[in-house]
Each structure stands twice: as C-alpha cells, then as structure tokens.
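For reference, the chains in residue letters:
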Amino acid sequence: MKKLFLLKADFEDKNRADGKKYFCPDCVLIEGLLSFYPRLRNELEVTYVDFARPRKVLVDLVGEANQSCPVLVLEDGTFINEPNEIIQHLTDKHQIGYSH
C-alpha cells in the first residue's frame, strides 16, 4: 500500500522564538484533496508526523535528505515529494478528478 506522510497541524517551530503555531500549506493542500475524495484514505496509508526533525519514519523509508512533507512513498520504495506531482499521481492512478 502507498504511504502518504503529512505534517501534523499546529506545530511549533523551535527555531523561532515567537511561540506561534503553524501548519504546512502543502500538507493542507493534500489534506483538502483527501476531504474531497475520502476513499483515498482507504487506498493510502496516511500518517501524520511531527514537525521536529529527524522524522525517523521518513529517514528510514526515503533517507535523511528527503524527510520533508508531504511525501507519497510508492509500493516499490520510490517516492514523490512535490505536492502537484502527488496530485497528478493520485489523479492518474486513483481516478480522482483533474485539477483545473
């Protein structure tokens, strides 16, 4: 099964001293797609990871240099970590609507 990794919402960035809560805009884009096509949650293993690095589960799967989110890890171990490419893959392989 393909594995989709997204950052958890309302994270703090310890590199900033502002105490603000943040979200990842690219992850929100993919989360919105999941809300439009809820069946994708049955077709993908969706995992939410913490903002803090290292993100061990991602390091183990795709390497330390590729632990940014969102990332879609395919069954063969290859991965896609660009949001528009993830959307295109889901359109092509999971028969969701086309972006317009």
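What counts as what
- Numbers given for residues are sequential positions, taken from 1 along each chain in its written order.
- In view of the model being predicted, local features appear only for residues whose pLDDT reaches at least 70, and side-chain atom pairs are presented and counted only at 80 or more, with totals across whole chains, interfaces and linings using the full set of residues.
- Each side-chain value is derived from all of the structure's non-hydrogen atoms; neither hydrogens nor water enter the calculation.
- The rule for a salt bridge is simple: a side-chain nitrogen of Lys or Arg has to be within 4 Å of a carboxyl oxygen of Asp or Glu.
- Put simply, DSSP marks the helices as runs of H or I at least four residues long and the strands as runs of E at least two long, and each gets a number from the N terminus on.
- Buried residues are those whose accessible area, probed at 1.4 Å on protein chains only, stays under 20% of the maximum for their type, while exposed residues exceed 50% and partly exposed ones sit between those limits.
- If DSSP finds at least two bridges between two strands, the strands pair.
- Multiply 1.5 Å by the residue count of a helix minus one, and that product is the helix's expected span.
- Residue contacts follow a heavy-atom distance rule, with two residues in contact if any of their heavy atoms lie within 4.5 Å.
- In this analysis, axes come from line fits to C-alpha atoms, helices being fitted only over the stretch in contact, and the angle between any two N-to-C directions falls in the range 0 to 180 degrees.

**As for the pattern of salt bridges**
Phase 1: One pass over the full model with this rule turns up 7 salt bridges.
Phase 2: Residue Arg41 pairs with Glu31 through a salt bridge whose shortest N-O separation is 2.4 Å. Note that Arg41 is positioned in helix α2 (residues 40-43) and Glu31 in helix α1 (residues 25-36), a separation of 10 residues in sequence.
Phase 3: Assessed through its relative accessible area of 27%, Glu31 is described here as partly exposed.
Phase 4: Salt-bridge contacts for Glu43 lead to Arg39; the nearest nitrogen and oxygen are separated by 2.9 Å.
Phase 5: The class of Glu43 is partly exposed, set by a relative accessible area of 29%.
Phase 6: On the basis of relative accessibility, which here comes to 33%, the residue Arg39 falls in the partly exposed class.
Phase 7: Salt bridges linked by common partners bring Glu12, Lys14 and Lys21 together as one network.

**Here's the deal with the pairing of strand β1 (residues 2-7)**
Phase 1: β1 sits mainly inside the fold: 5 of its 6 residues count as buried.
Phase 2: Sheet topology places β1 next to strand β2 (residues 44-49); 6 bridges connect them, and they run parallel. Its bridge partner being in β2, Leu7 is matched across the sheet by Val49.
Phase 3: The sheet contact formed by β1 and strand β3 (residues 71-73) spans 3 bridges and is antiparallel. Residue pairing across strands places Lys3 opposite Val73, the latter belonging to β3.

**Section: helix α4 (residues 83-94)**
Phase 1: Over its 12 residues, α4 extends 16 Å from the first C-alpha to the last, a length consistent with the 16 Å expected when each residue adds 1.5 Å.
Phase 2: Restricting attention to buried positions, one finds in α4 the residues Pro83, Ile86, Ile87, His89, Leu90, Thr91 and His94.
Phase 3: Check the buried side of α4 and you find it contacts β1, α1, α2, β2, β3 and β4 (79-80).
Phase 4: Gln95 lies just past α4 and shows a positive phi near 50°.

**Focus on the sheet that holds β3**
Phase 1: One open sheet accounts for 4 strands, arranged β2-β1-β3-β4; its pairing is mixed. The strands lining the two open edges of the sheet, one partner per strand, are β2 and β4.
Phase 2: Sheet contacts for α1: β1 and β2; angle to β1, the most-contacted strand, approximately 125°.
Phase 3: In the packing of α4 onto the sheet, contacts are made with β1, β2, β3 and β4, and the angle to β3 comes to roughly 40°.

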